[in-house]
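Close look at the chain arrangement
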Amino acid sequence: MSTMAVEDVAVAPVDQGFWTRTRKVGAVLLALGLLATVLFGALATGEQARFTLSEDAAGAALEIHGTLGAILFGLVAVAAGVAMLAGLPKRWFTLVLGVGLVGFVLSFLCWQVSDAPAGQNFMPLVNILRGTFILALPLVFGALAGVLCERSGVVNVAIEGQLLMGAFSGALFGSLSGSVWVGLVAAAIGGAFISLLLAVFSIRYLVDQVVMGIVLNLLAVGVTGFLYERLMQTNAQKYNSAPRFGNWEIPLLSDIPLLGPALFRGNIFLYLGLLLVLVIHIALFRTRWGLRTRSVGEHPTAADTLGVKVLGLRYRNVLLAGVVAGIGGASYTLALYSFTKNMIGGKGFIALAALIFGRWSPTGALLAALFFGFADQLATYLGAINSVIPNQFLAMLPYLATILAVAGLVGRVRAPAADGKPYIKG
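This report concerns the structure included in the present document. Predicted, not measured: the structure shown is a model, and the values here were computed from it.

Rules of the game
Residues numbered from 1 in each chain as written. Predicted model: local features only at pLDDT ≥ 70, side-chain atom pairs only at ≥ 80, totals over all residues. Heavy atoms only, no water. Helix = DSSP H or I, 4+ residues; strand = E, 2+ residues; numbered from the N terminus. Expected span 1.5 Å × (residues − 1). Contact = heavy atoms within 4.5 Å. Polar contact = N/O pair within 3.5 Å; in protein donor to acceptor, adjacent residues only side chain to side chain. Pairing = 2+ DSSP bridges. Axes fitted to C-alpha atoms, helices over the stretch in contact; angles between N-to-C directions. Buried < 20%, exposed > 50% of the residue type's maximum accessible area, 1.4 Å probe, protein only. Patch = residues over 30% accessible without salt bridge, like charges linked within 9 Å, V, L, I, M, F, W, Y side chains within 5 Å. Areas by Shrake-Rupley, 256 points an atom, 1.4 Å probe, with all protein chains shown as cover. Salt bridge = Lys/Arg side-chain N within 4 Å of Asp/Glu carboxyl O. Lys, Arg positive; Asp, Glu negative; His and termini not counted. Charge placed at Lys NZ, Arg CZ, Asp CG, Glu CD. Phe/Tyr/Trp six-rings, centres within 6.5 Å; stacked < 30°, edge-to-face > 60°. Lys NZ or Arg CZ within 6 Å of the ring centre and 35° of its normal.

1. Remarks on helix H8 (residues 209–232)
- In this model H8 runs 32 Å from its N-terminal to its C-terminal C-alpha over 24 residues, within 8% of the 34 Å that 1.5 Å per residue would give.
- Where H8 is buried, its residues touch helix H6 (159–177), helix H7 (180–204), helix H9 (236–239) and helix H15 (347–357).
- By the N-cap criterion, in which a side-chain oxygen at the helix start approaches the backbone nitrogen of a residue two or three places on, H8 is capped by Asp208, the distance to Val210 being 3.1 Å.

2. Notes on the side chain of Ser387
- Position of Ser387 among the secondary structure elements: in the loop between helix H16 (362–384) and helix H17 (391–409).
- Here the side chain of Ser387 touches Ile389 through a polar contact of 3.1 Å, landing on its backbone nitrogen.
- In contact with Ser387, other than residues within four places in its own chain, are Gln112 and Leu382.

3. As for the sheet that holds strand S2 (residues 61–65)
- Read from one edge of the open sheet, three strands run S2-S1-S3, paired in mixed fashion. Looking at the sheet topology across the chains shown, the edges are occupied by S2 and strand S3 (122–124). If you compare each strand with its neighbour and ignore which way they point, the axes differ by 15° on average.
- Strand direction decides the pairing type here: strand S1 (residues 48–52) and S3, joined by three bridges, are parallel. For Arg50, the partnering residue across the bridge sits in S3 and is Phe122.
- Sheet contacts for helix H3 (residues 66–85): S1 and S2; angle to S2, the most-contacted strand, approximately 90°.

4. Things to note about helix H11 (residues 268–286)
- Here H11 contains 19 residues, and its C-alpha end-to-end distance of 26 Å stays within 8% of the 27 Å for a straight helix at 1.5 Å per residue.
- Among the residues of H11, Ile268, Phe269, Leu270, Tyr271, Gly273, Leu276, Val277, Ile280, Ala283 and Leu284 are the ones counted as buried.
- At the N-terminal boundary of H11, the capping side chain belongs to Asn267, with an oxygen 2.9 Å from the backbone nitrogen of Phe269.

5. Considering the pairing of S1
- Within S1, four of the five residues are buried, which leaves it mostly tucked inside the rest of the structure.
- Pairing of S1 with S2 involves five bridges; the strand directions are antiparallel. From the neighbouring strand, Arg50 faces S2, where its bridge partner is Glu63.

6. Describing a positive patch on the surface
- On the surface, a cluster of positive charge is contributed by Arg288, Arg292, Lys309 and Arg316.
- Among the secondary structure elements, Lys309 is positioned in the loop between helix H13 (300–305) and helix H14 (310–333).

7. Brief notes about the packing of aromatic side chains
- In the structure shown here, the tally under the stated rule is 13 aromatic pairs.
- Judged by centre distance (6.1 Å) and plane angle (45°), the ring pair of Phe201 and Tyr205 falls under tilted.
- The exposure class of Phe201 is partly exposed, given its relative accessible area of 34%.
- Since its relative accessible area comes to 52%, Tyr205 is described here as exposed.
- Three or more aromatic residues joined by ring pairs form one cluster here, namely Phe40, Phe104, Phe108 and Trp111.
- For the cation-ring pair, Arg204 lies above Tyr205, with the distance from its terminal atom to the ring centre recorded as 5.1 Å.

Following this line, the structure appears as structure tokens:
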């Protein structure tokens, strides 16, 4: 009798009353819309806010009066908030939320662009879009590494360490060999090395996976930092001057207005990242390997009963995740920068947030990474036009966007049922 009572309580629906999640988000969106309409509208100037479809101030542009644009787009956010408060059907939630957030951002940009110094009151959309993709790339690779691990039932908090080890290995061996391809392979192996430690200690020795991930991040910071000081700082020409991948332009596609220059004149990491999203998504949801991976992440005992080698599949997928993350780390040192200590700077944890925000889906993780990449690029742009917003706040913008997305927008999500739970074969 007592067991039945407990089960009844557990499954009883929760009466949320008037303040459902949709209405709570609507109230926040309404407040943001009012803030944008009143404050941004008052701070914007009468100058035209120009959004050019090129890499500079020249060429075609979308123009709007600064004050008028700030008010109009703010009212769009207000309307979206009111629609949610009125009891919006659940199927429209994501669309209306997106419209409201875009309205808020555009209102903010109308203020910032119109208030910029003379000659700088324009936003080059091609540069913004290109920068968004570049800054999102490590997050895409890191989030895909998280998808591969956590869909298999292994929590991957070590994305930061995998990215860092990949960046270091790519820089070191790319410099020693003088070959970007050797550097790329070394980066993949470096990321796989961190994953191997995660797999052995988490799967074989049943160490707490979250704790193990944090330890591996600290290990990667310590090892790469020590070798950087002993090798790269003392002889940067030999150990930290890896060749770089150039941009590959795709004919015809690169001539598409706005999207072409940003998306089809990129380096190998851009194309590889987008390809991996497509391949992993298809493999995860359309192949036997994907079905087995998802079953191991949800019900490993049932999968084992049907003949799936649970531990072997987890080992393989965790190692594959390390290879993917290591290549993501190489996107720093083989395309953009020289290696520096702890150069990932928390991007692995943002990738983990992108994984959650994207609901453990490759395509969702891509969209979430682009959201965070845009926040990062926007901070760079605002600093370039001498925004009145303090630099310290601008530096916080990507991390604030992460907190907002995971705590406020993602809602209730369910990780794979066996995620983080070690499997002991009976």
